[in-house]
Amino acid sequence: MTSHADIDLDRDGPVAHLRLNRPAKRNALDQDMVARLATRCAEIEHDESIGVVILSGEGKAFCAGGDIDAWAEESPETFGRHWLRDGHAAFDALARLRQPVIAVLDGHALGGGLELAACADIRVAEEHIKIGQPETGLGIIPGWSGTQRAVRRFGSQVVRRMVLAGEVFTADQARHLGIVDHVVPTGDAMYRAKEIAAHILSRGPRATELAKMMVNAAEGEERDRVIEALAGTIAAASDELAEGLAAFRDKRLPNFRNEGQDE
């Protein structure tokens, strides 16, 4: 098990468990946690043994969002340059992991917490939780893609209701609105997430990874990177690369078409 003060990562075979561990602050994210989230995502991305990720929070809340004490006194320039941009980078890294991500919402997901949950591919909510984006009530806007990724994944009208009108939804309401995928009794979310993880792992791993990339691209998530990654993979698997590298090492022109060679 690998652990930091506020972000824990452990592996159960091909399943990675990524857990926010700051229960005294309802897992509110500060600058250090944001940085560690990005680091953990890089670690998961490059671990070939990991096939699926389960994201959860310790204690009674999944994530209360950004820690107000961490950003309230920042200058507008620092707030925009670091707090918002660093948060975007970490959340993008989570949303763009090649492995499917399942969010376990066994506590409330509000503000940045919902933005974090939106990075997951599948969301499992316990029946007692509440979901919303209360930022405008504080005179600020959702800053970690709560008006961008959330719209792509949940729909613009649902986000309008949360962001403009301040509506807070129950788990059942969130399921009917498409914000969460499964609602289970209190205490059962992790069990259900592990069931879903097992189903994912029973499928073709490479096909699953590619399918996630294509869905992300269709949704507008990292479209340019997906196209170039897929094209680059195809090019790297061709005989042309082998010939090009051989010619480079031999200090000769490459013979891509086998010209002058007997068939």
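Shown above is the structure to which this text applies.
The model shown is predicted, which means the values in this text are computed figures rather than measured ones.

What counts, and where the lines are drawn
- Residues numbered from 1 in each chain as written.
- Predicted model: local features only at pLDDT ≥ 70, side-chain atom pairs only at ≥ 80, totals over all residues.
- Heavy atoms only, no water.
- Disulfide = S-S within 2.5 Å.
- Buried < 20%, exposed > 50% of the residue type's maximum accessible area, 1.4 Å probe, protein only.
- Helix = DSSP H or I, 4+ residues; strand = E, 2+ residues; numbered from the N terminus.
- Pairing = 2+ DSSP bridges.
- Right-handed = clockwise from strand over helix to strand, strands pointing away.
- Arc of directions from axis to C-beta.
- Contact = heavy atoms within 4.5 Å.
- Phe/Tyr/Trp six-rings, centres within 6.5 Å; stacked < 30°, edge-to-face > 60°.
- Expected span 1.5 Å × (residues − 1).

(A) Spotlight on the state of the cysteines. For the coordinates displayed, the defined rule picks out zero disulfides. Note on Cys41: no disulfide assigned, nearest cysteine sulfur contributed by Cys119 at a separation of 8.3 Å. The exposure class assigned to Cys41 is buried, which follows from its relative accessible area of 1%.

(B) Layout of the pairing of strand 4 (residues 52-57). Among the six residues of strand 4, six are classified as buried, and the element is accordingly described as predominantly covered. Both faces of strand 4 are covered, namely the face carrying Val52, Ile54 and Ser56 and the face carrying Val53, Leu55 and Gly57. Here strand 3 (residues 15-20) runs beside strand 4; their pairing, made up of six bridges, is parallel. Among the inter-strand pairings, Val15 is bridged to a residue of strand 4, identified as Val52. This β-α-β element, strand 3 to helix 1 (residues 31-45) to strand 4, shows right-handed connectivity.

(C) How the structure looks around helix 6 (residues 156-163). Of the residues making up helix 6, those classed as buried are Val158, Val159, Met162 and Val163. End-on, the buried residues of helix 6 take up no more than an arc of 120 degrees, which puts them together on one face. The inward-facing, buried residues of helix 6 abut helix 4 (112-118), strand 9 (130-132), helix 5 (149-154) and strand 10 (168-170).

(D) The arrangement of the packing of aromatic side chains in detail. Under the criterion given, the structure shown has one aromatic pair. An angle of 55 degrees between the planes, with centres 5.0 Å apart, marks the rings of Phe91 and Trp144 as tilted. Here Phe91 is found in helix 3 (residues 76-95), whereas its partner Trp144 is found in the loop between strand 9 and helix 5, with 53 residues between them in sequence. Just as Phe91 is buried, Trp144 falls in that class too.

(E) Main features of the pairing of strand 6 (residues 101-105). Among the five residues that make up strand 6, five are buried, leaving the element largely enclosed by the rest of the structure. Covered by surrounding structure in strand 6 are Val101, Ala103 and Leu105 together with Ile102 and Val104, the residues of both alternating faces. Looking at chain direction, strand 4 and strand 6 are connected through three bridges and run parallel. Looking at the pairing, Val53 lines up with Val101 of strand 6. One ladder, built from four bridges, connects strand 6 with strand 8 (residues 122-126); its direction is parallel. What sits directly across from Leu105, in strand 8, is Ala125.

(F) Representation of the environment of Ile179 in the model. Structurally, Ile179 is set in the loop between helix 7 (171-176) and strand 11 (182-184). Excluding its chain neighbours within four sequence positions, the residues that come into contact with Ile179 are Leu114, Arg123, Ile131, Phe154, Val158, Met162, Phe169 and Ala174.

(G) Structural context of helix 8 (residues 189-201). Its 13 residues place the ends of helix 8 18 Å apart at the C-alpha level, agreeing with the 18 Å of an ideal helix rising 1.5 Å per residue. Within helix 8 the residues assigned to the buried category are Ala189, Ala193, Ile196, Ala197 and Ile200. Projected down its long axis, helix 8 carries its buried residues within an arc of 105 degrees, all on one side. The exposed residues of helix 8 that point more than 90 degrees off its buried face are Tyr191 and His199. Packing partners of the buried residues in helix 8 comprise strand 3, strand 4, strand 6, strand 8, strand 11 and helix 9 (205-219).

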